[in-house]
Amino acid sequence: MLLLVALGLVARPATSGDQGPTAVEVTPVEGPSTLHHLGLTIEGSSMGWGGQWSPPPSLVPPPQGSDNTARRAFVLNGADLYRISCRACHKPDGSGSPPEINALIGPVQAASFQWMTERMKAMGRPADAAFIRQLTEGTEADLRKRLKVGGHNMPSFDHLSEAEITVLRPYLDEMAGVPGAEHRQRVITEPSARVGELIVKGTCHICHDATGPSNTPTTTVMNDVIPPLASMPHQKTFYQFVQKVREGAPIPLSAGGVLSRGRMPVFNYLNASEIASAYSYLSIYPPK
Ligand code: HEC
Ligand code: HEC
């Protein structure tokens, strides 16, 4: 354990002077994936498709070692928190994939007092401050509640700490074009294990169950296997893992069949250090 602490793989409060330490406890990812929970298939849902099609097998380089991947702590801004928690479903610009995944721009604008006031004025309506405040506070409460308990299909983000939401929230405003939001951006220092946890819970757990049979035959496109998160650190080397996430790794169409790009999107907007955090998080906090 001591070694892991020294390597920064175990969560412990960061000590720099920005947004302050996250004293948040890192917990394992648990239970069925979002798709599994909702009875959806990869092909029948847009969730997770903030990633892109992986390249055809001929274009995928062999896994490579790279340096500078292990990091103790990360300084994340609101855009980073959005990228690792929300982007896989809501796309980089918050547009989502309606009608399944609503755009989050509208509700974020409707929660802004300033935006609503300007909107009312532009429409030639009386901008009664008390009334607008009541409206926007209600919308803000809905938004916070959605993060806590999830939505109809959206999973809960109850694992986000208040400090993290304080950093994420003004970025949503900036994305939605709320005036002055760019001056309210902040950063937070997060231990590596926490970054891994956010990535796994916000992105990988959309499709991958936490646990499950790990003795299934080789994954192929035809047998519809989506390997559980728990088996990954045992079945994949670190480099294979990083490559699967960032560049894709070909898998056979059927047992002994030709290689194909597989069904998993690539998430090349995650960097190698972040994916390294996800790999160590899965090793140190075995999924339940
Ligand atoms: C696994 C996919 C997924 C992820 C990840 C996700 N969402 Fe959603 N989100 C949805 C879906 C689906 C909807 C549409 C409503 C529903 O079914 O719950 C939605 C709707 C919303 C809405 C409401 C839009 C409206 O019209 O009322 C907001 C706000 C929102 N998401 C914010 C977020 C934020 C912030 C994050 C990151 C912390 C996030 N979502 C991560 C799937 C996701
Ligand atoms: C949209 C669904 C989806 C999401 C999101 C997703 N995966 Fe996958 N993943 C798959 C599928 C399907 C496979 C099976 C191989 C294939 O078809 O590409 C797979 C296979 C893998 C494999 C290979 C495992 C093996 O034993 O063959 C690894 C490693 C992996 N995923 C890691 C991740 C990580 C890490 C994340 C989050 C950053 C993630 N995946 C997010 C669908 C997804």
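Before reading on, note that the structure itself is shown above.
Residues numbered from 1 in each chain as written. Chains lettered and ligands numbered in written order. Predicted model: local features only at pLDDT ≥ 70, side-chain atom pairs only at ≥ 80, totals over all residues. Heavy atoms only, no water.

A. Structural view of the coordination of the iron atom of ligand 1. Around the iron atom of ligand 1, the protein contributes the donor atoms H90 (NE2) and M154 (SD), which lie 2.0 to 2.2 Å from the metal centre. Relative to the metal, the 6 donor atoms surrounding the iron atom of ligand 1 lie at angles of 88 to 178°, and the coordination shape comes out octahedral. Of this pair, H90 sits in helix α4 (residues 87-90) while M154 sits in the loop between α7 (129-149) and α8 (162-175); the two residues are 64 residues apart in sequence, bridging distant segments of the chain. Look at H90 and you get buried, because its relative accessible area is 12%. (Donors = N, O, S within 2.8 Å, 3.2 Å for Na, K, Ca; no water. Tetrahedral: all angles 85-135°; square planar, octahedral: opposite > 155°, others 65-115°. Helix = DSSP H or I, 4+ residues; strand = E, 2+ residues; numbered from the N terminus. Buried < 20%, exposed > 50% of the residue type's maximum accessible area, 1.4 Å probe, protein only.)

B. Structural detail: the site of ligand 1. Around ligand 1 sit 23 residues, and of these C86, C89, H90, N153 and M154 come closest. Between an oxygen atom of ligand 1 and a main-chain N or O atom of H152, the distance comes to 2.9 Å. At 3.1 Å, a backbone N or O of M154 approaches an oxygen atom of ligand 1. Among the elements of the structure, α4, α7 and α8 are those that each provide at least two residues to the shell around ligand 1. (Near = heavy atom within 4 Å. Polar contact = N/O pair within 3.5 Å; in protein donor to acceptor, adjacent residues only side chain to side chain.)

C. Inspection of the coordination of the iron atom of ligand 2 at higher detail. Coordination of the iron atom of ligand 2 by the protein is provided by H208 (NE2) and M264 (SD), with metal-donor distances spanning 2.0 to 2.1 Å. Taken together, the 6 donor atoms surrounding the iron atom of ligand 2 define angles of 88 to 180° at the centre, an arrangement classified as octahedral. Here H208, found in the loop between α9 (192-202) and α10 (232-235), pairs with M264, found in the loop between β4 (259-260) and α12 (272-284); they are 56 residues apart in sequence, far enough to count as distant. On the basis of relative accessible area, H208 is assigned to the buried category, the value being 9%. The exposure class of M264 is partly exposed, given its relative accessible area of 21%.

D. A look at the packing of aromatic side chains. Tallying each qualifying case throughout the model produces 7 aromatic pairs. A ring pair is formed by W49 and W53, whose centres lie 5.3 Å apart and whose planes are at 45°; its orientation type is tilted. For W53, a relative accessible area of 58% gives the class exposed. Measuring from ring centre to ring centre gives 6.0 Å for F267 and Y269, while their planes differ by 90°; the resulting arrangement is edge-to-face. The exposure classification of F267 matches that of Y269, with both residues buried. (Phe/Tyr/Trp six-rings, centres within 6.5 Å; stacked < 30°, edge-to-face > 60°.)

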